[in-house]
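# Results of the structural survey
Okay, here's what each chain looks like letter by letter:
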Amino acid sequence: MYIEKCHVDLNMIKIVTVIGARPQFIKAAPVSRAISREAGLHEVIIHTGQHFDENMSQVFFDQMQLSRASHMLDIHSLPHGAMTGRMMEAIEGILMQEAPDWVMVYGDTNSTLAGALAASKLHIPVAHVEAGLRSFNMHMPEEINRILTDRLSHWLFCPTPVAVDNLTREGYEHFPAKMILTGDVMYDASLMFRDKATRPAGVDLDKPFILCTIHRAENTDDPARLDGLIDAVNTLSEERGVIFPMHPRTRKMLGKSRLNSLSKGIQVTEPLGYLEILYLLQHCELVMTDSGGMQKEAYFFNKACITLRDETEWTELVDAGYNRVCGSDAKNIIHHFHHFTENPPAFAEGLYGKGNASAIIAKAFLDQNT
Ligand code: UD1
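Structural notes, computed from the coordinates. Because the structure is predicted, anything quoted here is derived from the model rather than measured. (Residues numbered from 1 in each chain as written. Predicted model: local features only at pLDDT ≥ 70, side-chain atom pairs only at ≥ 80, totals over all residues. Heavy atoms only, no water.)

### Notes on the sheet that holds strand 1 (residues 13-19)
For clarity, the cut-off: If DSSP finds at least two bridges between two strands, the strands pair. Secondary structure elements follow DSSP: runs of H or I of four or more residues count as helices, runs of E of two or more count as strands, with numbering from the N terminus.
Strand order across the open sheet formed by seven strands is 3-2-1-4-5-6-7, with parallel pairing between neighbours. Two strands lie at the open edges of the sheet, namely strand 3 (71-72) and strand 7 (178-181), each paired on one side alone. Bridging between strand 4 (residues 102-106) and strand 5 (residues 126-129) involves four bridges; their strand directions are parallel. When the sheet's bridge partners are listed, Val103 is paired in strand 5 with Val126.

This is the structure:
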């Protein structure tokens, strides 16, 4: 199908941004701000609704002054195929009406893939922020989403040289696609908001603490892995404080009995806002996480990270000695925790660019015809 351009101002470049999950609100905030500064660019936001709880969605729009979404889809809590399919159908309708010059998608969620598929079938070029990441684990829904999204994208905004190398190895130099090394937009966000970090209410931060998050399906949906992780956190809570902001998926999969088996020293909270997480990152001793974003955020605040997965996309952190990939085995996790407390890494800056990734992205849209 061919769609006709019907812009209010034909000289403006119209970008439809598709977001829907918590990390995408964080990534979109600095990019949207950079776009809004450019007179020649106009952005329209679609929120798929994948994350819908107040503290998984609206709080990020409020804290990071992200523009209200023009289109709210309310599609969530479905199996992967149904979720992606319904999002794709709804996004297609909106794109036909909005007729943008570009569709921009972020990261590796079902919302990312739905946006990229809908746009590319309408021959609207796709720009992918956080392109080129690979875990090389095809059991992860995120790996499937990012590989397919990259392949459909015209512009691949890569956060790291490793991401550029991954794409080059896959032959992207021969595809009608442009790889642009931008640096990481989450680094931009951390610089923009670090001074606004807010102490979370009702949390005791008196003793040194570990900041812990777990939400990946590969951990939450595998009882043996989840048990290993709980075992590790329980053991570590005997020597340190643990703050554990809990994702709804994790709460659901833990169930009442496992939740009750968490030691008293572990402070479980609801998911926290970005500014509260920034505060905990600034004040914690170490981060333990299966999140992609938190691995980098630990580094932005000079904190070592234990990654609760069997692989990571952010291999430069491991190579530099700031991150250890520990899987879900309690003994292994505890061993690496002691390694870091006895040998704290000496951090050097610069792995994720200069904090101007968002500006580079906005400029790319403006410079395309020059
Ligand atoms: C999704 C992304 C993952 C990303 C993560 C960030 C996919 C395949 N995965 O995983 O890449 O790292 O977001 O958090 O897209 N739920 C609520 N309230 C909410 C949001 C979710 O109760 O606000 C529930 C859902 O109903 C579902 C579960 O949490 O039962 C998981 O949500 P889902 O969107 O499937 O994936 P995430 O685990 O959040």
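### Comments concerning the sheet that holds strand 9 (residues 241-245)
The condition that has to hold: Between N-to-C directions, angles span 0 to 180 degrees; the directions come from axes that are lines fitted to C-alpha atoms, helices contributing only their stretch in contact. When checking whether two residues touch, look at their non-hydrogen atoms; a contact exists if any pair is within 4.5 Å.
One open sheet accounts for six strands, arranged 10-9-8-11-12-13; its pairing is parallel. At either end of the open sheet lies a strand with only one pairing partner, and these are strand 10 (266-269) and strand 13 (323-325). Each strand axis lies, on average, 20° off the axis of its neighbour in the sheet, ignoring direction. As defined by bridge partners, strand 8 (residues 209-213) adjoins strand 9 across three bridges and the pair is classed as parallel. Each bridged residue has a counterpart across the sheet, and for Phe209 the counterpart in strand 9 is Gly241. Relative to strand 8, helix 11 (residues 274-283) is tilted by about 135°, and along the sheet it contacts strand 8, strand 9 and strand 11 (286-289). In this fold helix 14 (residues 330-342) packs onto strand 8, strand 11, strand 12 (305-307) and strand 13, with an angle of close to 165° to the strand it touches most, strand 12.

### What about the site of the ligand?
Applied cut-off: The near set for a molecule or strand comprises every residue that places at least one heavy atom within 4 Å of it. Counting of polar contacts relies on pairs of N or O atoms within 3.5 Å, with two restrictions inside protein: one atom must be capable of donating a hydrogen and the other of accepting it, and residues adjacent in sequence are counted only when both atoms are side-chain atoms. Residue burial considers only the protein chains on display, and all accessible areas are found by Shrake-Rupley using a 1.4 Å probe.
Contacts to the ligand come from 20 residues, most closely from Gln50, His51, Ser77, Arg249 and Lys252. Here an oxygen atom of the ligand sits 3.0 Å away from a polar atom, N or O, in the side chain of Glu142. Contact distances for the ligand include 2.8 Å between an oxygen atom and a side-chain N or O atom of His247. Protein contacts shield 90% of the accessible area of the ligand, which totals 750 Å² for the unbound molecule. Secondary-structure elements contributing two or more residues to the shell around the ligand are helix 3 (80-98), helix 5 (141-152) and helix 10 (248-260).

### So, the packing of aromatic side chains
In plain terms, the rule: The rule is short: rings of Phe, Tyr and Trp, with Trp giving its six-membered ring, pair when the centres are within 6.5 Å, and they are stacked under 30 degrees, edge-to-face over 60, tilted in between. When accessible area is computed with a 1.4 Å probe and restricted to protein chains, residues below 20% of their type maximum are described as buried, those above 50% as exposed, and intermediate ones as partly exposed.
All told, the structure shown has 17 aromatic pairs when counted by the stated rule. With a centroid separation of 5.6 Å and an interplanar angle of 75°, the aromatic rings of Trp102 and Phe365 are classed as edge-to-face. Residue Trp102 is located in strand 4, and its partner Phe365 is located in helix 15 (residues 357-367); the two are separated by 263 residues in the primary sequence. Across this residue pair, the class does not change: Trp102 and Phe365 are buried. With a centroid separation of 6.4 Å and 50° between ring planes, the pair formed by Tyr299 and Phe347 is classed as tilted.

The quantities given are spatial measurements derived from coordinates; they are silent on function.
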